[in-house]
Amino acid sequence: SNGHPFCEPCLTASLRTQEQQGRPTTCPTCRVAVDPNALIRCLVAEQLAADVACSCSGAELGCDWQGTRSAAFSHEKKCLYAKLREERSARVEADARIDKLQLALDAAVAAATQQVRERRAIRLAEERREWLKA
């Protein structure tokens, strides 16, 4: 850790997201590189964060639960709205990966098509030269 305090679930979620996106793991505050295996828990920050009032992550989809941050983690494990939000996020990420793969495939097809055209043009030019020699 680089000294910036975070509750463990929040920091772990942030680092996991960075890893899943193929980015280097960095501090959410200052973006300095952070080794996820060398973190030091800040119990004071965890306790302060646990007592903060919050809503369910599924609130935008209709969940009206409100409570403390510490209670939110257990609530969201069983909340259908939170699960739906998580599934939507996963689907959006999967769609983004598919779009990226489709772009790469389209570029590869375009490059291969261009190579075929160039080879065909070379072959036609060679055949024309041979025809003109005859």
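Just above sits the structure.
Cut-off values and rules
Residues numbered from 1 in each chain as written. Predicted model: local features only at pLDDT ≥ 70, side-chain atom pairs only at ≥ 80, totals over all residues. Heavy atoms only, no water. Helix = DSSP H or I, 4+ residues; strand = E, 2+ residues; numbered from the N terminus. Buried < 20%, exposed > 50% of the residue type's maximum accessible area, 1.4 Å probe, protein only. Contact = heavy atoms within 4.5 Å. Areas by Shrake-Rupley, 256 points an atom, 1.4 Å probe, with all protein chains shown as cover. Lys, Arg positive; Asp, Glu negative; His and termini not counted. Charge placed at Lys NZ, Arg CZ, Asp CG, Glu CD. Salt bridge = Lys/Arg side-chain N within 4 Å of Asp/Glu carboxyl O.

### Topic: the overall build of the chain
Moving on, step 1. Scanning the chain for helices and strands turns up four helices and two strands.
Moving on, step 2. Secondary structure elements of the chain, listed N to C terminal, follow the sequence α-α-β-β-α-α.
Moving on, step 3. Here the C-alpha coordinates of the chain stretch approximately 90 × 40 × 20 Å along the principal axes.
Moving on, step 4. Taken across its 134 residues, the chain has 16% of its residues classed as buried.
Moving on, step 5. Sequence-distant contacts in the chain: of pairs separated by 6 or more residues, those separated by 24 or more amount to 33%.
Moving on, step 6. Looking at the chain as shown, the accessible area adds up to about 10,400 Å², and 56% of this sits on carbon and sulfur atoms.
Moving on, step 7. The average position of the 20 basic charges and that of the 18 acidic charges among the side chains of the chain differ by 6 Å.

### Topic: the pattern of salt bridges
Pairs may arise between side chains of opposite charge once their charged atoms sit close together.
Moving on, step 1. Counted according to the given criterion, the structure contains three salt bridges.
Moving on, step 2. In this structure, Arg85 and Glu60 form a salt bridge, with 3.9 Å as the shortest nitrogen-oxygen distance. With a gap of 25 residues between them, Arg85 in helix α4 (residues 80-133) and Glu60 in the loop between β1 (53-55) and β2 (66-68) connect regions that are remote in the sequence.
Moving on, step 3. Salt-bridge contacts for Glu130 lead to Lys133; the nearest nitrogen and oxygen are separated by 3.9 Å. Taken together, the residues Glu130 and Lys133, both in helix α4 and three residues apart, mark about one turn of the helix. With respect to burial, Glu130 and Lys133 carry one shared label: exposed.

No statement about biological role is implied by the geometric values presented.
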